[in-house]
Amino acid sequence: MVAEQPFGLLAELTYRCPLSCAYCSNPVTLTEYGDELTTAGWRDVLEQAAALGVLQLHLSGGEPLLRRDVVELTRVGRDLGMYSNLVTSALGLDRRRAEELRAAGLDHVQVSVQADEQEMSDRIAGTRSFDRKIEACRLVKELGWPLTLNVVLHRQNIHRVGEVLALAEELDADRIELANTQYYGWAWHNRDALLPSRAQLAEAEPVVDAARARLAGRMEVVDVLPDYYSEYPKPCMGGWAARQLTVAPNGDVLPCPAAHALPLPRASVRDDTLDHIWTHSPLFEAYRGTGWMPDPCRSCDRKDVDFGGCRCQAFQLTGDAARTDPVCHLSPDRHLVDDAVRAANRESVPLELVPRPHRAGAS
Amino acid sequence: MESVRLAPHVRLRFDAARGRHVLLSPETVAVLNATSADVLALCDGRAVDDIVAALRERYDHVDEADVRTFLERMAARRCLEVDDGR
Ligand SMILES: C[S@@+](CC[C@H](N)C(=O)[O-])C[C@H]1O[C@@H](n2cnc3c(N)ncnc32)[C@H](O)[C@@H]1O
Ligand code: SF4
Ligand code: SF4
């Protein structure tokens, strides 16, 4: 399988974060990522990525604004002609920083909120942050950026989806991402307390549909569906190692941010060029194309549509990353998902959440 | 639709790595064919009639209805800002 050229780079500048969202998809093993790439190291990554064909740069983390060089790296991306997107909790996006980022050529800002109102948002974030987020959203619009609001939905906030949409409208967001929780990292750890019930989803759906119709042409409503309740799995990001790559804070290179958990040899910009990793590394080659697929995917006419689902989810649930994503109703492992869904639809579900620590060794 | 311009949040550029024009926006990259790139490069706030006229200087056959359909599709994806002249 010949590698195509990647379109996007997810640059996870640091996993440090002032928030401690229990749904956070960051790795549970933060200790391995403390040795962060230097500014020169990141500059080199961006230059190599541009040469590989990357056109979009997502600056994320952790909280990317904790890196003092985020403005400088934005400028590097801009000089390379990349479209740049800051993915942020908005803590640290004060007026001075925002103006510097604007001058450095940042194209787009995505701010996450945890709910539509302060008390719930701060509780889920584990930090007083809601008011500053709202201020930052207004600043983003004032400075003329397009604004995406991102809200991770789960059992403890999905009943507020109507109010979340109203908040996005009030803030004049250009897009809203209603991202049902993906169960990686801390979210996997907290899955039972986060997975919504069928009744909750049924209640949210018409609210989202009505808002989408009402806001058409003004705000784009992007809905990431809860795959545990789907018949088919979510497609693996346009195919494994086909369109995107991720560089973790320590320089590890991954086909997707969840892939750090897979039992495959590590690839790092400290040891190899991005080009070589993208084209030849065992990690990137492992599930490229469709040749690796077992049945039922191998003989399925959807194999070029969803690529057999998510490798990381297959690994997480079955211990074998090459199996069909257990979310698929054709998977022999679907019972693993059904068990979790059944538990989420019982009368009482424990709602206790384990917060993600702010950094390795801290809480 | 009277006149059109590229939305402020999208960027049209030539991508040397692929040898094609691309339209970049927050979450998508559209790789364009030569005609689409030509049409979009003309979307600088001028009238649709002028866009069609400019294309006719470059191409032998320009179907105005096709151009308008394309522009409407791009506008529906919020890549273009439309002024209806009202
Ligand atoms: C890991 S965060 C890092 C950036 C920044 N700290 C923030 O939260 O906005 C990147 C994006 O993923 C979202 N996210 C985090 N955990 C998620 C999960 N388990 N499922 C879906 N989206 C998630 C966040 O809301 C954010 O938009
Ligand atoms: S804890 Fe929350 S704010 Fe911090 S990286 Fe994770 S999702 Fe983003
Ligand atoms: S069998 Fe495989 S390819 Fe077919 S729908 Fe299920 S996951 Fe997708």
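Our subject is the structure listed above.
Before going into details, it helps to say that this report is about the structure given with it.

Quick notes on the rules
- Residues numbered from 1 in each chain as written.
- Chains lettered and ligands numbered in written order.
- Predicted model: local features only at pLDDT ≥ 70, side-chain atom pairs only at ≥ 80, totals over all residues.
- Heavy atoms only, no water.
- Disulfide = S-S within 2.5 Å.
- Buried < 20%, exposed > 50% of the residue type's maximum accessible area, 1.4 Å probe, protein only.
- Axes fitted to C-alpha atoms, helices over the stretch in contact; angles between N-to-C directions.
- Helix = DSSP H or I, 4+ residues; strand = E, 2+ residues; numbered from the N terminus.
- Parallel < 35°, antiparallel > 145°, perpendicular 65-115°, else oblique.
- Left-handed = near helix turned anticlockwise from the far one by under 90°.
- Contact = heavy atoms within 4.5 Å.
- Nonpolar A, V, L, I, M, F, W, Y, C, P; charged D, E, K, R; others polar.
- Phe/Tyr/Trp six-rings, centres within 6.5 Å; stacked < 30°, edge-to-face > 60°.
- Lys NZ or Arg CZ within 6 Å of the ring centre and 35° of its normal.

Further remarks concern the state of the cysteines. All names here are of chain A. Evaluation of the coordinates by the stated rule reveals zero disulfides over all chains. Looking at Cys137, it has no disulfide partner, and the nearest cysteine sulfur is the one in Cys21, 14 Å off. The exposure class of Cys137 is buried, given its relative accessible area of 0%.

All names here are of chain A. Contact geometry of helix α1 (residues 39-52) with helix α2 (residues 70-79) gives a least axis separation of 10 Å together with a crossing angle of 20°. Classified by the interaxial angle, the pair formed by α1 and α2 is roughly parallel. You can see that α1 and α2 cross each other, and the crossing is right-handed. Only Glu72, Leu73, Val76 and Gly77 of α2 make contact with α1, whose side of the interface consists of Thr39, Trp42, Arg43 and Leu46. Tallied by class, the residues present in the contact of α1 with α2 amount to four nonpolar, two polar and two charged.

Another aspect to go through is the packing of aromatic side chains. All told, the structure shown has five aromatic pairs over all chains when counted by the stated rule. A ring pair is formed by Tyr287 of chain A and Trp292 of chain A, whose centres lie 5.2 Å apart and whose planes are at 75°; its orientation type is edge-to-face. Judged by relative accessible area, Tyr287 of chain A falls into the buried class, the value being 12%. Residue classification places Trp292 of chain A among the buried positions, given a relative accessible area of 17%. Taken together through their ring pairs, the aromatic side chains of Trp240, Tyr287 and Trp292 of chain A make up a single cluster. Sitting over the face of the ring of Trp278 of chain A, Arg288 of chain A holds its NZ or CZ atom 5.0 Å from the ring centroid. Residue placement shows Arg18 of chain B over the ring face of Phe7 of chain A; its charged tip is 4.1 Å from the ring centre.

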